[in-house]
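Here is what each chain is made of, one letter per residue.
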Amino acid sequence: MTRTFIAIELNDAARSYLHQEIQRLARVLPRVRWVDPETLHLTLAFLGDLEDAQLDQAIKAAGEIAQAASPFTVRVGSLGMFGPAQNPHVIWIGLAGNLQPLLDVQARLSGRLAKDGFPPDERGYNPHLTLARIKTPLNSQELLALRRVISSALPARSHPKQTDDQIRPEIPVAHLSVMKSDLTRAGPHYTRLRLCPFAD
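K.L.:
How should the overall build of the chain be read in this particular structure?
P.N.:
From N to C terminus, the chain includes five helices and eight strands. Counting from the amino terminus, helix and strand elements in the chain follow one another as β-α-β-α-β-β-α-β-α-α-β-β-β. Taken along the three principal axes of its C-alpha coordinates, the chain extends 50 × 40 × 25 Å. Counting over 200 residues, the chain shows a buried share of 42%. Working note: accessible area of the chain is about 11,000 Å², and carbon and sulfur atoms make up 50% of it. Put simply, the chain has 23 plus and 20 minus side-chain charges, and the middle of one group is 7 Å from the middle of the other.

Printed below as a string of structure tokens:
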């Protein structure tokens, strides 16, 4: 069995920016276990444990959707939380820019996978990058610190005329990646099984 998902991998500029964001957050929330920036990716479909024949189907589906898509660009967005305001479970960072091409690719991929019997995600698709999963509830001071760092949103500008978009890096998207996830004590380890380039 292969624990499988289909994702968009990040470029070096986005990964470097997210590394800085995680360092900024870790300074105010040292008890939280943060994701290794090297493992960050944008999940399009999580498929779970697959037999070899199912994995072949998933790879074929990702390849077909990729071949029907054209490259596009999104941008790193703002910080957010999942879960109740007093007990958040996940700290994430969203995406910005024109997200329609991304949403279209994800919807086509989900529909194509459904034809092969893969169940769709009933929660709907909310594109984001998970920075931390909070296992132990935050205390009141930590909640306040988290809200402050989220509301501050961006690191300091290196130039007074810099815009928010210039601070947040772009993520060029020109392929899909079929990934394997191995769960270890040190955290999940991801391996690319197949790179599926877009048509152009």
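K.L.:
Hey, could you run me through the packing of helix H1 (residues 12-28) against helix H4 (residues 140-152) in this one?
P.N.:
Two quantities define a packed helix pair, namely the angle between the helix axes and the distance between the axes. Close contact between H1 and H4 brings their axes to 9 Å; oriented N to C, the two are set at 150°. With respect to each other, H1 and H4 are oriented roughly antiparallel. H1 and H4 meet at a crossing whose hand is right-handed. Mapping the contact onto sequence places Arg24, Leu25 and Val28 in H1 and Ala145, Leu146, Val149 and Ser152 in H4.

K.L.:
What am I meant to see in the confidence of the model for the chain here?
P.N.:
A low pLDDT means the predicted coordinates there should not be read in detail. In this model, the chain carries a mean pLDDT of 90, and residues with pLDDT of at least 70 account for 93%. Every residue in residues 156-163 scores below 50 in pLDDT, and together they form six contacts with partners more than four places removed in sequence or on other chains.

K.L.:
I'm lost on the pairing of strand S7 (residues 175-184) in this one. Help?
P.N.:
Looking along a regular strand, one sees side chains alternate from face to face of the sheet. Both strand S1 (residues 2-9) and S7 contribute to a ladder of four bridges, which runs antiparallel. From the neighbouring strand, Thr4 faces S7, where its bridge partner is Lys180. Relative to strand S8 (residues 187-197), S7 runs antiparallel, the two sharing 10 bridges. What sits directly across from Ser177, in S8, is Leu195. Here S7 hands over to S8 after two residues, the two strands then running antiparallel side by side.

K.L.:
Would you mind going over the packing of aromatic side chains with me for this structure?
P.N.:
Both the distance between ring centres and the angle between the ring planes are used here to describe each pair of aromatic rings. Within this structure, the stated rule accounts for three aromatic pairs. Aromatic pair Phe5 and Tyr190: ring centres 5.3 Å apart, planes at 85°, arrangement edge-to-face. With Phe5 in strand S1 and Tyr190 in strand S8, this residue pair connects regions lying 185 residues apart in the sequence.

K.L.:
Whenever I open this one, the packing of helix H2 (residues 52-67) against helix H3 (residues 100-115) confuses me. Can you help?
P.N.:
Close contact between H2 and H3 brings their axes to 10 Å; oriented N to C, the two are set at 145°. With respect to the hand of their crossing, H2 and H3 are arranged in right-handed fashion. Residue-level contacts link Ala58, Lys60, Ala61, Ala62, Glu64 and Ile65 of H2 to Val105, Arg108, Leu109, Arg112 and Leu113 of H3. Each residue belonging to the contact of H2 with H3 can be placed in one class, and the counts come to seven nonpolar, no polar and four charged.

About the cut-offs
Residues numbered from 1 in each chain as written. Predicted model: local features only at pLDDT ≥ 70, side-chain atom pairs only at ≥ 80, totals over all residues. Heavy atoms only, no water. Helix = DSSP H or I, 4+ residues; strand = E, 2+ residues; numbered from the N terminus. Buried < 20%, exposed > 50% of the residue type's maximum accessible area, 1.4 Å probe, protein only. Areas by Shrake-Rupley, 256 points an atom, 1.4 Å probe, with all protein chains shown as cover. Lys, Arg positive; Asp, Glu negative; His and termini not counted. Charge placed at Lys NZ, Arg CZ, Asp CG, Glu CD. Axes fitted to C-alpha atoms, helices over the stretch in contact; angles between N-to-C directions. Parallel < 35°, antiparallel > 145°, perpendicular 65-115°, else oblique. Left-handed = near helix turned anticlockwise from the far one by under 90°. Contact = heavy atoms within 4.5 Å. pLDDT = per-residue confidence, 0-100. Pairing = 2+ DSSP bridges. Phe/Tyr/Trp six-rings, centres within 6.5 Å; stacked < 30°, edge-to-face > 60°. Nonpolar A, V, L, I, M, F, W, Y, C, P; charged D, E, K, R; others polar.

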